[in-house]
Amino acid sequence: MTRSGHVSLVLGGARSGKSSYSERVAIATGLEKHYVATGRAYDAEMEARIAAHRTDRGEGWETHETPLDLVGTLRSINAPDNVILIDCLTLWITNLMMEDADIDAEGASLLAHLRECSARVILVSNEVGLGIVPENRMAREFRDHAGRLHQRIAAEADEVFFVAAGLPLKMKG
Amino acid sequence: MTRSGHVSLVLGGARSGKSSYSERVAIATGLEKHYVATGRAYDAEMEARIAAHRTDRGEGWETHETPLDLVGTLRSINAPDNVILIDCLTLWITNLMMEDADIDAEGASLLAHLRECSARVILVSNEVGLGIVPENRMAREFRDHAGRLHQRIAAEADEVFFVAAGLPLKMKG
Amino acid sequence: MTRSGHVSLVLGGARSGKSSYSERVAIATGLEKHYVATGRAYDAEMEARIAAHRTDRGEGWETHETPLDLVGTLRSINAPDNVILIDCLTLWITNLMMEDADIDAEGASLLAHLRECSARVILVSNEVGLGIVPENRMAREFRDHAGRLHQRIAAEADEVFFVAAGLPLKMKG
């Protein structure tokens, strides 16, 4: 089965403007806009960050809160008329780690869906591997999971961007 | 009022060569060289880093120590014959945070000046958002302030570079 | 004496795919493949990472475990028929720091060799300077050493790549 959709991966650091850039790309498609929010508000700071993102995003988005079952949500809204913005993969990985999920299997399942989807999909993720090796073991594992997933998605994606200071640099496509 | 000047933003990691690259660009303009140093020597290590930078820079620079009042200094040396190297924005943000200053307002004031300046301005800053989320809350706030300011300046700048291993990658311009 | 060899520097974050990319480049040369492993297995986690790298690499590599005497190893296998993959410079610097070695002198000696070598050399290294300033002084020194060495090698190298999500971005060459 050939994919009729289109997959973009948008990588960037914290406050790099990767979400805003991805939102502009999504709006420019003119398709029905779906926002898949993977973030869980564990505390007030996180809640404030999520609320700020929502305000920045503006009107016209259907939001799907999806901390864990990403593929389930993607399947339920997969259609050629839809653009789906997933923000972000790193929060999804964090949630999976907290549930002791099999992250490689979850990644494989996401990959399989992306290979066949008919929607326009934009995946946003944090690049987290460019600092000093973290002293915390869980942080090192998280870095490994994120890096591996980025590589696997980038290999299949139609386009990959690295965003810094709000400016996109095309790595692929 | 239209700007007659020219604004460059040079981003990079620690020891990426962003300052040396910016100094070479400044020298190549042939204009009067002004160095705006935002760093404050809190301790011996910082003092040594500042001294090393000064030696690397060589002769012919007028230095302006400016931990806080960046726009005041920029106004005082704004002229079409001047090239002004600001090194660096991240230290300026650190100083502002320590003074509990309103960083968004300070950023807006800097932006307003850059839009109207007649000098050649080169702003150097550290990209700090590409590692693991810091456990320290103040570090997370610092990352947010830096990232937001980079985005705002990049949107207005004539040129933006990302420097790694001493090599500039043009992101805009 | 003119260099007949060819030197590439491949920078990237943790789990960026920089080693896999470098291996593919090495294999594509069709030359005799030499792998210079600088990592020391201090603990079980590190041992597992080294073993995983070895499995990923596949057959046909002659491996040279070289935690410290990098130039000695490079000299012993320097020949126009050889491609030498050094993985990685950051682990080498870590080992040198633990031995209280003169890292600037070691870097100068490596540079001198690279300027004259006849082999095809690919140096892999971690970019570690794009996160928040580490609180640990040794980590800050490590960042400085790594950044300085990257700049020096990049200035001499024929090619420099920055790898993210397995995708190479050419910075030089």
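Looking up chain A in an unreviewed UniProt entry gives the name Bifunctional adenosylcobalamin biosynthesis protein, with the organism given as Neorhizobium alkalisoli.

Enquirer: Which parts of the structure should I look at to understand the overall build of chain A?
Expert: Each helix and strand in chain A was counted, giving six helices and seven strands. Taken against the 2.2 N^0.38 rule, which gives 16 Å for 173 residues, the C-alpha radius of gyration of chain A at 15 Å falls within 12% of a compact globule. When the backbone C-alpha atoms are referred to their principal axes, chain A occupies close to 45 × 35 × 30 Å. With 173 residues in all, chain A has 55% of them scored as buried. Partitioning the intrachain contacts of chain A with sequence separation of at least 6 by distance along the chain shows that 77% fall at a separation of at least 24. Summed over its atoms, the accessible surface of chain A is roughly 7300 Å², and 49% of this surface lies on carbon and sulfur atoms. Separation between the mean location of the 19 positive side-chain charges and that of the 25 negative ones in chain A comes to 5 Å.

Enquirer: Can you help me understand unusual backbone geometry in this one?
Expert: The phi torsion of most residues other than glycine is negative, and most of the peptide bonds are trans. In this chain, A:Asp87 is followed by A:Cys88 through a cis amide linkage whose omega measures 0°. You can see A:Cys88 is positioned in the loop between strand S4 (82-87) and helix H4 (89-98). You will see that B:Arg15, though not glycine, has its phi angle at about 55°, which is positive. By the element assignment, B:Arg15 lies in the loop between strand S1 (6-12) and helix H1 (18-29). Taking relative accessible area as the criterion, B:Arg15 reaches 32% and is therefore assigned partly exposed. The phi dihedral of C:Ala165 falls on the positive side, at around 50°, and the residue is not glycine.

Enquirer: So what exactly am I meant to see when it comes to the interface of chain B and chain C here?
Expert: Frequently, the measure chosen for interface size is the accessible area removed from exposure when the parts meet. Taken together, the contacts link 24 residues of chain B with 20 residues of chain C. Buried surface at the junction of chain B and chain C, summed over both partners, amounts to about 1800 Å²; 63% is from carbon and sulfur atoms. Interface area lost by chain B to chain C is led by B:Arg15, B:Ala165 and B:Leu167, which between them contribute 34%. Between B:Glu45 and C:Arg140 there is a salt bridge, and its shortest N-O distance comes to 2.7 Å. Our count for the contact surface shared by chain B and chain C stands at five residue pairs in polar contact (both at pLDDT 80 or more). When the residues that make up the side of chain B that touches chain C are grouped by side-chain class, the tally is 11 nonpolar, eight polar and five charged.

Enquirer: I'm lost on the sheet that holds strand S7 (residues 167-172) of chain A in this one. Help?
Expert: Residues and elements named next belong to chain A. Reading across from one edge, S3-S2-S4-S5-S1-S6-S7 is the order of the seven strands in this open sheet, with mixed pairing throughout. The sheet is open, and its two borders are formed by strand S3 (61-65) and S7, each paired with just one other strand. Ignoring strand direction, the axes of neighbouring strands in this sheet form an average angle of 20°. Direction of pairing for S4 relative to strand S5 (residues 120-126): parallel, over a ladder of five bridges. Bridged to valine 83 within S5 is arginine 120. Each of strand S1 (6-12), strand S2 (32-37), S3, S4, S5, strand S6 (159-164) and S7 is contacted by helix H1 (residues 18-28), which is oriented at about 175° to S5, the strand it contacts most.

Enquirer: Please clarify how the interface of chain C and chain A should be interpreted in this entry.
Expert: Chain C puts 24 residues into the contact, and the matching count from chain A is 20 residues. Carbon and sulfur atoms supply 63% of the area that chain C and chain A bury against each other, a total of about 1800 Å² over both sides. Across the contact surface, chain C and chain A share three salt bridges. C:Glu45 is paired through a salt bridge with A:Arg137; the nearest N and O atoms lie 3.7 Å apart. One can count six residue pairs in polar contact (both at pLDDT 80 or more) joining chain C with chain A. Contributions of two or more residues to the side of chain C that touches chain A are made by helix H2 (44-57), helix H6 (137-156), strand S6 (159-164) and strand S7 (167-172) of chain C. Per-element accounting of the side of chain C that touches chain A gives the leading share, three residues, to H6(C). For the side of chain C that touches chain A, the per-class residue count stands at 11 nonpolar, eight polar and five charged.

Enquirer: Help me understand the pattern of salt bridges in this model?
Expert: A pair can form between side chains of opposite charge whenever their charged atoms are brought close. Within the structure shown, the criterion is met by 27 salt bridges over all chains. B:Arg15 is the salt-bridge partner of C:Asp144, the closest N and O atoms lying 3.8 Å from each other. Taken together, the positions of C:Asp144 in helix H6 and B:Arg15 in the loop between S1 and H1 put the pair across two chains. The partner of C:Arg115 in a salt bridge is C:Glu156, with the nearest N and O atoms 2.9 Å apart. In this pair, C:Arg115 sits in helix H5 (residues 103-116) while C:Glu156 sits in helix H6, placing the two residues 41 residues apart along the sequence.

Reading guide: rules and limits
- Residues numbered from 1 in each chain as written.
- Chains lettered and ligands numbered in written order.
- Predicted model: local features only at pLDDT ≥ 70, side-chain atom pairs only at ≥ 80, totals over all residues.
- Heavy atoms only, no water.
- Helix = DSSP H or I, 4+ residues; strand = E, 2+ residues; numbered from the N terminus.
- Rg over C-alpha atoms; globule rule 2.2 N^0.38 Å.
- Buried < 20%, exposed > 50% of the residue type's maximum accessible area, 1.4 Å probe, protein only.
- Contact = heavy atoms within 4.5 Å.
- Areas by Shrake-Rupley, 256 points an atom, 1.4 Å probe, with all protein chains shown as cover.
- Lys, Arg positive; Asp, Glu negative; His and termini not counted.
- Charge placed at Lys NZ, Arg CZ, Asp CG, Glu CD.
- Buried area = accessible area lost by both parts, 1.4 Å probe.
- Salt bridge = Lys/Arg side-chain N within 4 Å of Asp/Glu carboxyl O.
- Polar contact = N/O pair within 3.5 Å; in protein donor to acceptor, adjacent residues only side chain to side chain.
- Nonpolar A, V, L, I, M, F, W, Y, C, P; charged D, E, K, R; others polar.
- Pairing = 2+ DSSP bridges.
- Axes fitted to C-alpha atoms, helices over the stretch in contact; angles between N-to-C directions.

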